[in-house]
Amino acid sequence: MLKHALAALIIISACHLAPARAQDAAAPFDGDLQRLAEILGTLHYLRGICGSNEGAKWRNEMQALIDAETPSGDRRARMIAGFNRGYNGFQQTYRTCTPAASVAIRRYIEEGSKISRDLTARYAN
């Protein structure tokens with residue numbers, strides 16, 4: 001249930017954020033977007049090793065976030081780096097699904113949901 005809520009909130013918040021800026025200036029919510037990207041990378045890795053059979057779901061959510069925000073240059077690179085940092089960080093720690101990995105999944109889904117709700121509440125049109 002939480003994973004579906006997170007996915008819906010991510011897409012909703014991404015679609016309602018401020019329109020893309022003409023310049024590649026930082027937006028006030030960039031830190032939150034980068035954290036959300038890192039969480040998506042983490043979930044992409046952990047859900048994969050925990051046999052969720054979701055395939056590229058979390059990577060696709062990241063792509064949807066990028067497509068909705070349309071960052072360019074450094075902003076885009078920072079978002080992608082966040083996703084990769086989340087993925088690689090847990091890839092180095094977990095080789096198989098463990099109880100700790102399952103707890104991490106739950107906590108990251110909760111954190112991602114909170115970030116999505118906060119972004120929507122703060123920056124929705």
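Refer to the structure above for everything that follows.
Below or above, wherever it landed, is the structure these notes cover. Counting of residues starts from 1 at the beginning of each chain's written sequence and follows it residue by residue. Where local features are concerned, this predicted model is filtered to residues with pLDDT of at least 70; where side-chain atom pairs are given and counted, the filter is 80 or more; whole-chain, interface and lining totals use all residues. Excluding hydrogens and water, the side-chain figures rest on all heavy atoms present in the structure.

### So, the nonpolar core
Phase 1 of the analysis: Among buried residues, those of type Ala, Val, Leu, Ile, Met, Phe, Trp, Tyr and Cys that are joined through side-chain atoms within 4.5 Å constitute a nonpolar core. Working definition: with a 1.4 Å probe on protein chains only, accessible area under 20% of the residue-type maximum means buried, over 50% means exposed, and in between means partly exposed. Leu43, Leu46, Met62, Leu65 and Phe90 are the most contacted members of the largest nonpolar core, which totals 25 residues.
Phase 2 of the analysis: Listed by contribution, the elements that provide at least two residues to this core are helix H2 (30-49), helix H3 (57-69), helix H4 (73-93) and helix H5 (99-123).
Phase 3 of the analysis: In terms of residue count, H2 provides more of this core than any other element does, eight residues in total. Comment: elements are numbered from the N terminus, with helices defined as DSSP H or I runs of at least four residues and strands as E runs of at least two.

### Remarks on the packing of aromatic side chains
Any two aromatic rings considered together are summarised by their centre-to-centre distance and by the angle between their planes.
Phase 1 of the analysis: In this scheme Phe, Tyr and Trp rings, the latter by its six-membered ring, pair at centre separations within 6.5 Å, and the angle between planes marks the pair as stacked below 30 degrees, edge-to-face above 60, and tilted otherwise. Under the defined criterion, the tally for this structure stands at four aromatic pairs.
Phase 2 of the analysis: Here Phe90 and Tyr94 contribute two aromatic rings whose centre-to-centre distance is 5.9 Å and whose plane-to-plane angle is 5°, an arrangement assigned as stacked. We note that Phe90, like Tyr94, is buried.
Phase 3 of the analysis: By the ring-pair criterion, three or more aromatic residues cluster together here, those being Phe90, Tyr94 and Tyr108.
Phase 4 of the analysis: Taking NZ or CZ as reference, Lys57 lies 5.0 Å from the ring centre of Trp58, over its face. Whether a charge sits over a ring depends on NZ of Lys or CZ of Arg being within 6 Å of the ring centre and within 35 degrees of the ring normal.

### Re the pattern of salt bridges
Phase 1 of the analysis: By convention in these notes, a salt bridge is any Lys or Arg side-chain nitrogen within 4 Å of a carboxyl oxygen on Asp or Glu. Under the counting rule described, the total for this entry stands at nine salt bridges.
Phase 2 of the analysis: Here Arg35 makes a salt bridge to Glu38, at a shortest N to O gap of 3.5 Å. Here Glu38 and Arg35 lie together in helix H2, a separation of three residues that amounts to about one turn.
Phase 3 of the analysis: Given a relative accessible area of 24%, Arg35 falls into the partly exposed group.
Phase 4 of the analysis: Between Glu111 and Arg35 there is a salt bridge, and its shortest N-O distance comes to 2.8 Å. A residue pair is termed long-range when its members are at least 10 positions apart, and Glu111 in helix H5 and Arg35 in helix H2 qualify at 76 residues.
Phase 5 of the analysis: Among the charged side chains, a salt-bridge network with shared partners connects Arg35, Glu38, Arg85 and Glu111.

### Points about unusual backbone geometry
Leaving glycine aside, a negative phi is the common case for residues, and trans is the common case for peptide bonds.
Phase 1 of the analysis: Unusually for a residue other than glycine, Asn53 sits at a positive phi of about 55°.
Phase 2 of the analysis: Locating Asn53 in the fold gives a position in the loop between H2 and H3.
Phase 3 of the analysis: The residue Thr70 is not glycine, and still its phi comes out positive at about 50°.
Phase 4 of the analysis: Residue position: Thr70 is located in the loop between H3 and H4.
Phase 5 of the analysis: Classification of Thr70 by relative accessible area gives partly exposed; the value is 45%.

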